[in-house]
Each structure stands twice: as structure tokens, then as C-alpha cells.
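These are the residues of each chain, in order.
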Amino acid sequence: MKTMTCRQLGGPCDLAHRGETHDDVIVAQDTHLKEAEKEGDEAHLPARKEMKGRWRHPKRSLGWYREMQAAFAALPDD
């Protein structure tokens, strides 16, 4: 299990997301950004817009995805 924050994933806050894989924390970040958008959190809107774009255009987003994969791999286990 490893932890990445919203900020490490491109968001504006330090909410921790824990997961067994980088995909786990990316999905947790997506859920967090969706909830923030519903609550009207303006600070999270740019990150939410970027995440939407990644899901819609995964080939274009491979660079970001690989960066997060490498960052997750470099983290120590919790």
C-alpha cells in the first residue's frame, strides 16, 4: 500500500489517496475531484477539467500517466 496526495496527482490539496497500485490512487483522485466539483470547490475545478480530458483522450495523456506510475513506484510502502 502506498499513498499519494491530491497535490502530487495535480490537484490543489493534500488529501491522501492510498492504494495497492498507481491506478488505485488515480481512480481515488478522480472520485475526489468529482466530489469537489459537486460541492462547488473552485480550487479543484482546473484539476477536474484536466482529469476529464485524460479519461477522454487516454493516448494523449500517456505522459502524465507514466509520470504518475513512476512517482508511485518510487514511493516507499506505507
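Residues numbered from 1 in each chain as written. Predicted model: local features only at pLDDT ≥ 70, side-chain atom pairs only at ≥ 80, totals over all residues. Heavy atoms only, no water.

A. Local environment of the packing of aromatic side chains. Throughout the structure, instances matching the rule amount to zero aromatic pairs. The ring of phenylalanine 72 has lysine 2 sitting right over it, with the charged end atom 5.3 Å from the ring centre. The residue whose ring lies beneath arginine 54 is tryptophan 64, and the NZ or CZ to ring-centre distance is 3.8 Å. (Phe/Tyr/Trp six-rings, centres within 6.5 Å; stacked < 30°, edge-to-face > 60°. Lys NZ or Arg CZ within 6 Å of the ring centre and 35° of its normal.)

B. Quick peek at the packing of helix α1 (residues 22-38) against helix α2 (residues 45-56). Running from N to C, α1 and α2 cross one another at 130°; their axes reach a closest spacing of 9 Å. Considered as vectors, α1 and α2 are oriented oblique to each other. Crossing of α1 over α2 shows left-handed handedness. Residues Ile26, Gln29, Asp30, Leu33, Lys34 and Glu37 of α1 form the contact with α2, whose participating residues are Leu45, Ala47, Arg48, Met51, Lys52 and Trp55. Residues that form the contact of α1 with α2 fall into these classes: six nonpolar, one polar and five charged. (Axes fitted to C-alpha atoms, helices over the stretch in contact; angles between N-to-C directions. Helix = DSSP H or I, 4+ residues; strand = E, 2+ residues; numbered from the N terminus. Parallel < 35°, antiparallel > 145°, perpendicular 65-115°, else oblique. Left-handed = near helix turned anticlockwise from the far one by under 90°. Contact = heavy atoms within 4.5 Å. Nonpolar A, V, L, I, M, F, W, Y, C, P; charged D, E, K, R; others polar.)

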